[in-house]
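Take a look at the letters that make up each chain.
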Amino acid sequence: MQDALLQATALRKHYGPRPAVADVSLAVRRGELLGLLGPNGAGKSTTVAMLCGLLPPDGGEIRLGGQALLAEPDAAKRRIGLVPQELALFETLSARRNVELFGALYGLDRARQRQRAQAVLAQVGLLERADEAPRAFSGGMKRRLHIACALVHEPDLIVLDEPTAGVDPHSRNAIFELLEGLKRAGKALIYTSHYMEEVERLADRIVILDHGRVVAEGRLAELLQRLEGGQGLDIELAQGEPELAALQSLPGVQGLRREGSRLRLALADWQAGIAVLQALAAQGLQPARWSSSRVTLEDLFLTLTGRQLRD
Ligand SMILES: Nc1ncnc2c1ncn2[C@@H]1O[C@H](COP(=O)(O)OP(=O)(O)OP(=O)(O)O)[C@@H](O)[C@H]1O
């Protein structure tokens, strides 16, 4: 991609004989949020660790601002702010001191640490609580403090690894608004999640990972176009055990998942929906209710891999 701030090509990483990342290429520009979507174990965190220079890849290349990242890892790290999945705060120090310490790690002098801590705590909406220790904070406040720590050195690229895990709805919205503001300010962002709703809302472009490989990449509309004419069908069964294989083999049934008495189908068209309802009737099963809805990234993932995003 021309004008990419970060470009990764053919990344690979093995833990023992098993590939955690088998082949991942991606790129992100300034002013853009790239969503990295995949189920647990797809390789998102491993990819992110390589992109941030924390884990050496077994193969492939990463360029940041046109420079090979591994050639000058320290300079690269100063341009990247990472919000890791695991919280790593000093629980007994004040929020302000936490941010200043991260500033010190990035080489900011004392005056700049103070100035930047004030600015980023305001940015994440924690200025009023700045002098309290995070041990008393909610999960969402801790996560916002973590984001403040990642922003202290004014990075060009901000990488967030599942930043809404354990976060209440209020903080979640605050995080989304913050990320949208960072994007408008020209930052490049990478955001990993296994929640397709988050990625659908936030991402300008999306990379879908499965088993360490990119299974789809593009803008949301482009990805959903692959299921063009497609329909989502939700069926709630009153009782009984459906023969899933029989439903799956019907023409136009692209994906099927079951959660208890509920079935979700990704269909090529409405004909397929009618065939499914008829097949259920032939199995002696009566839907308690059914409804259609637009296709989602979840349906695309189901269609591409035969599995669902969530466990
Ligand atoms: N340090 C490690 N040692 C051995 N195997 C690992 C290590 N880290 C990750 N793996 C394995 O590599 C694969 C990819 O893991 P990774 O954490 O990158 O996935 P993920 O998409 O981030 O998952 P999650 O959403 O659960 O965080 C998994 O099979 C995982 O078990």
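Per chain, the residues get numbers from 1 upward, laid out in the order the sequence is written. For this predicted model, a pLDDT threshold of at least 70 governs which residues receive local features, and a threshold of 80 or more governs which side-chain atom pairs are given and counted, while totals over whole chains, interfaces and linings are taken from all residues. Only hydrogens and water are removed before side-chain values are computed, so all heavy atoms of the structure are retained for them.

K.L.:
Sorry if this is basic, but what is going on with the overall build of the chain here?
P.N.:
Along its length, the chain carries eleven helices and 14 strands. Over its C-alpha atoms, taken along the principal directions, the chain stretches across nearly 75 × 40 × 35 Å. Should any heavy atoms of two residues lie within 4.5 Å, those residues are counted as being in contact. When contacts within the chain are restricted to residue pairs at least 6 apart in sequence, long-range pairs at least 24 apart make up 70% of them. Exposure was quantified through the Shrake-Rupley algorithm and a 1.4 Å probe, taking into account, for residues, occlusion by the shown protein chains and nothing else. With the model as given, the accessible surface of the chain reaches about 14300 Å², and the carbon-plus-sulfur share is 49%. Note on conventions: DSSP H or I runs of at least 4 residues are helices, E runs of at least 2 residues are strands, and numbering of each starts at the N terminus.

K.L.:
Hey, could you run me through the site of the ligand in this one?
P.N.:
Near, as used in this document, describes a residue that has one of its heavy atoms within 4 Å of the molecule or strand being considered. Lining the immediate environment of the ligand, one finds 13 residues, of which Gly-41, Lys-44, Ser-45, Thr-46 and Glu-162 sit closest. A distance of 3.0 Å separates an oxygen atom of the ligand from a polar side-chain atom of Asn-40. Take Ser-45: an N or O atom from its main chain is 2.7 Å from an oxygen atom of the ligand. For the ligand, the accessible surface in isolation is 640 Å², of which the surrounding protein chains cover 62%. Among the elements of the structure, β2 (18-28) and α1 (44-51) are those that each provide at least two residues to the shell around the ligand. Among the elements that line the shell around the ligand, the one with the most residues is α1, at three residues. For this scheme, ten residues count as nonpolar: Ala, Val, Leu, Ile, Met, Phe, Trp, Tyr, Cys and Pro. Four count as charged, namely Asp, Glu, Lys and Arg, and the remainder, Gly too, count as polar. Tallied by class, the residues present in the shell around the ligand amount to four nonpolar, six polar and three charged. Between N or O atoms, a polar contact is any pair within 3.5 Å; within protein, one atom must be a potential hydrogen donor and the other a potential acceptor, and residues adjacent in sequence are included only when both atoms are from side chains.

K.L.:
When you look at the pattern of salt bridges in this model, what are you seeing that I'm missing?
P.N.:
One side chain can pair with another of opposite charge once the charged atoms of both are near each other. Salt bridge, as used here, is a side-chain nitrogen of Lys or Arg placed within 4 Å of a carboxyl oxygen of Asp or Glu. Under the criterion given, the structure shown has 26 salt bridges. The partner of Arg-205 in a salt bridge is Glu-32, and the shortest N-O contact between them spans 3.0 Å. With Arg-205 in strand β9 (residues 205-210) and Glu-32 in the loop between β2 and β3 (33-37), this residue pair connects regions lying 173 residues apart in the sequence. In this scheme, a residue with accessible area under 20% of its type's maximum is buried, one over 50% is exposed, and one in between is partly exposed, where area comes from a 1.4 Å probe on protein chains only. Of the residues examined, Glu-32 reaches a relative accessible area of 4% and is grouped as buried. For the salt bridge of Glu-91 with Lys-142, the shortest nitrogen-to-oxygen distance reads 3.5 Å. With Glu-91 in the loop between β6 (80-83) and α3 (95-105) and Lys-142 in helix α5 (residues 139-151), this pair connects stretches of sequence that are 51 residues apart. A residue is classified by how much of its surface remains accessible, and Lys-142, at 16% relative accessible area, is buried. Residues participating in the shared-partner salt-bridge network are Asp-3, Arg-29, Glu-32, Arg-205 and Glu-217.

K.L.:
Would you mind showing me how to read the sheet that holds strand β12 (residues 253-259) here?
P.N.:
For sheets, the rule is that strands pair by backbone hydrogen bonds, running either parallel or antiparallel. With antiparallel pairing, the four strands of this open sheet are ordered in space as β12-β13-β11-β14. With partners counted over all chains shown, the strands left at the sheet margins are β12 and β14 (287-293), one partner each. In this sheet, adjacent strand axes meet at a mean angle of 15° when their direction is disregarded. DSSP bridges decide pairing: two strands pair if at least two such bridges lie between them. With six bridges connecting them, strand β11 (residues 231-237) and β14 associate as antiparallel partners. The partner of Leu-237 across the bridge, within β14, is Pro-287. For helices, the fitted line uses only the C-alpha atoms of the stretch in contact; every axis is such a line through C-alpha atoms, and the angle between N-to-C directions lies from 0 to 180 degrees. Set on the sheet, helix α10 (residues 270-282) makes contact with β11, β12, β13 (262-267) and β14; between it and β11 the angle comes to about 15°.

K.L.:
Any chance you could explain the pairing of β3 here in plain terms?
P.N.:
Regular strands have side chains that alternate between both faces of the sheet. In terms of burial, β3 is a largely internal element, five of the five residues being buried. Along β3, one buried face is formed by Leu-33, Gly-35 and Leu-37 and the opposite face, lined by Leu-34 and Leu-36, is buried too. Direction of pairing for β3 relative to strand β8 (residues 188-193): parallel, over a ladder of five bridges. Bridge assignment links Leu-33 to a residue of β8, and that residue is Leu-189. One ladder, built from four bridges, connects β3 with β9; its direction is parallel. For Gly-35, the partnering residue across the bridge sits in β9 and is Ile-206.

K.L.:
I'm lost on the pairing of β12 in this one. Help?
P.N.:
Here six bridges tie β12 to β13, and the two strands are oriented antiparallel to one another. In the sheet register, Val-253 faces β13, and the bridge partner there is Leu-267. In this antiparallel pair of consecutive strands, β12 and β13, the connection spans two residues, and Gly-260 shows a positive phi of 60°.

K.L.:
Could you clarify how one ought to interpret helix α11 (residues 297-305) in this entry?
P.N.:
Residue pairs spaced three or four apart in an α-helix point in one direction, given the helix's 3.6 residues per turn. Turning to α11, its buried residues number three or more, namely Leu-297, Glu-298, Asp-299, Leu-300, Phe-301 and Leu-302. At the N-terminal boundary of α11, the capping side chain belongs to Thr-296, with an oxygen 3.2 Å from the backbone nitrogen of Glu-298. Gly-306, located one to two residues past α11, shows a positive phi value of around 75°.

K.L.:
I keep staring at the UniProt feature "domain: ABC transporter" (unreviewed entry) in the chain and nothing clicks. Help me out?
P.N.:
Per the UniProt record, "domain: ABC transporter" (unreviewed entry) is annotated on residues 6-236. Along residues 6-236, the helical share is 35% and the strand share 29%, with 45 Å between the first and last C-alpha atoms. UniProt positions are given in the numbering used here, feature names are shortened, and annotations may be inferred rather than shown by experiment.

K.L.:
Is there a simple way to think about the nonpolar core in this case?
P.N.:
The nonpolar side chains of a soluble globular protein tend to be buried with one another. The biggest cluster of nonpolar side chains holds 47 residues, and the ones touching the most others in it are Val-99, Leu-179, Ile-208 and Leu-297. Considering each element in turn, this core owes the most residues, seven residues, to α5. Once residues within four sequence positions are removed from consideration, Ile-208 is found in contact with Leu-37, Arg-213, Val-214, Val-215, Ala-216, Leu-223, Leu-297, Leu-300 and Phe-301. For the purposes of this section, nonpolar cores are sets of buried Ala, Val, Leu, Ile, Met, Phe, Trp, Tyr and Cys residues that join through side-chain atoms within 4.5 Å. With 28 residues, the next largest nonpolar core counts Leu-6, Val-21, Val-48 and Ile-80 among its residues.

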